[in-house]
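Remarks on the overall topology
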Amino acid sequence: PLELLGLLAPSLWTTRHTMRELSEKLTESSNTVFLQEFSDTDFEEDFEAATELWIVGVSLTTIIRVHYSLIEKKLRSGHTVRALLVHPDGPAIEMAEMRAYGRPNIERARNDIKNALDDLCDLSQSLLGRLEIRTIPHPLGHGVIARDPDTASGVLYVQNYPFKTEGGSRPKYVLQAKDGLWYDFFKEELYNLWKAGTEWSCRAEMK
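A short tour of the structure in this document, coming up. Residue indices follow the written sequence of each chain, beginning from 1 at its first position. Restriction of local features to residues with pLDDT of at least 70 applies here, the model being predicted, together with a cutoff of 80 or more for giving and counting side-chain atom pairs; totals for whole chains, interfaces and linings are based on all residues. Excluded from the side-chain calculation are hydrogens and water; included are all heavy atoms of the structure.

The secondary structure content of the protein chain amounts to seven helices and seven strands. Within the protein chain, the fraction of its 207 residues that count as buried is 37%. Residue pairs at least 24 apart in sequence account for 71% of intrachain contacts in the protein chain once pairs closer than 6 positions are excluded. To measure how exposed things are, a 1.4 Å probe is used in the Shrake-Rupley method; for residues, cover is taken only from the protein chains shown. Summing over all exposed atoms, the protein chain offers an accessible surface of approximately 12500 Å²; the carbon and sulfur share of this is 54%. Elements are defined by DSSP. Helices are runs of H or I of four residues or more, strands are runs of E of two residues or more, and each kind is numbered from the N terminus. Any residue under 20% of the maximum accessible area for its type is buried, any over 50% is exposed, and the rest in between are partly exposed; the area is computed with a 1.4 Å probe on protein chains only. The contact criterion used is simple: two residues touch if any of their non-hydrogen atoms lie within 4.5 Å.

Quick look at the structure:
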């Protein structure tokens with residue numbers, strides 16, 4: 001038995017070493033795929049370079065507030081911007097808000113969406129580009145910012161909406177057209193969400 005153990009020991013050590021290396025590689029790989037935050041430089045460059053920009057999220061409050069002037073600039077340059085938000089009335093916003101970490105505030109969330117829609121409607125006035133606004137009666141499982149999704153330079157910035165978990169919208173991950181399968185998967189879902197949305201009539205809401 002001792003001789004057998006002596007023969008097995010190097011093999012066991014090698015297996016343990018291999019498993020440790022594999023575990024380290026998997027951890028390193030997951031840390032490069034799943035992000036806490038997007039690279040500010042890459043995100044800003046893709047946002048500005050897009051001639052067809054898609055922004056999808058529950059309220060889009062932050063993205064519109066931070067990039068309002070850039071969206072306006074893009075529209076004045078003749079670019080296309082498509083925005084999809086959760087409809088401010090109905091059960092979808094209630095479900096989306098109940099998912100948030102901390103005390104839910106459905107009325108605040110509803111007002112955030114309405115304010116974002118008002119900002120988008122302001123942007124849609126007298127600009128050369130095309131701004132399309134839709135709302136969807138579903139709470140959404142993630143948000144997406146997409147640059148020219150049907151081109152070879154397409155990029156999807158995806159952020160997960162966790163359930164009752166602190167830390168905000170995480171993990172985040174970036175998919176490029178060259179990634180193939182999973183890029184195509186999330187692009188198709190983006191289009192499916194858009195098709196499920198309903199056009200938001202700024203003129204009707206202003207009455």
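Turning our attention to the pattern of salt bridges. Put simply, a salt bridge is a Lys or Arg side-chain nitrogen that is within 4 Å of an Asp or Glu carboxyl oxygen. Taken as a whole, this structure holds 13 salt bridges when the rule is applied. The residue glutamate 37 makes a salt bridge to lysine 172 at a minimum N-O spacing of 3.7 Å. Here glutamate 37, found in the loop between helix H1 (2–33) and helix H2 (40–49), pairs with lysine 172, found in strand E6 (residues 172–176); they are 135 residues apart in sequence, far enough to count as distant. Its relative accessible area of 47% is what places glutamate 37 among the partly exposed residues. Residues glutamate 132 and arginine 130 are paired through a salt bridge, measuring 3.0 Å at the closest nitrogen-oxygen approach. One continuous salt-bridge network, built from bridges that share partners, spans Glu52, Arg82, Arg130 and Glu132.

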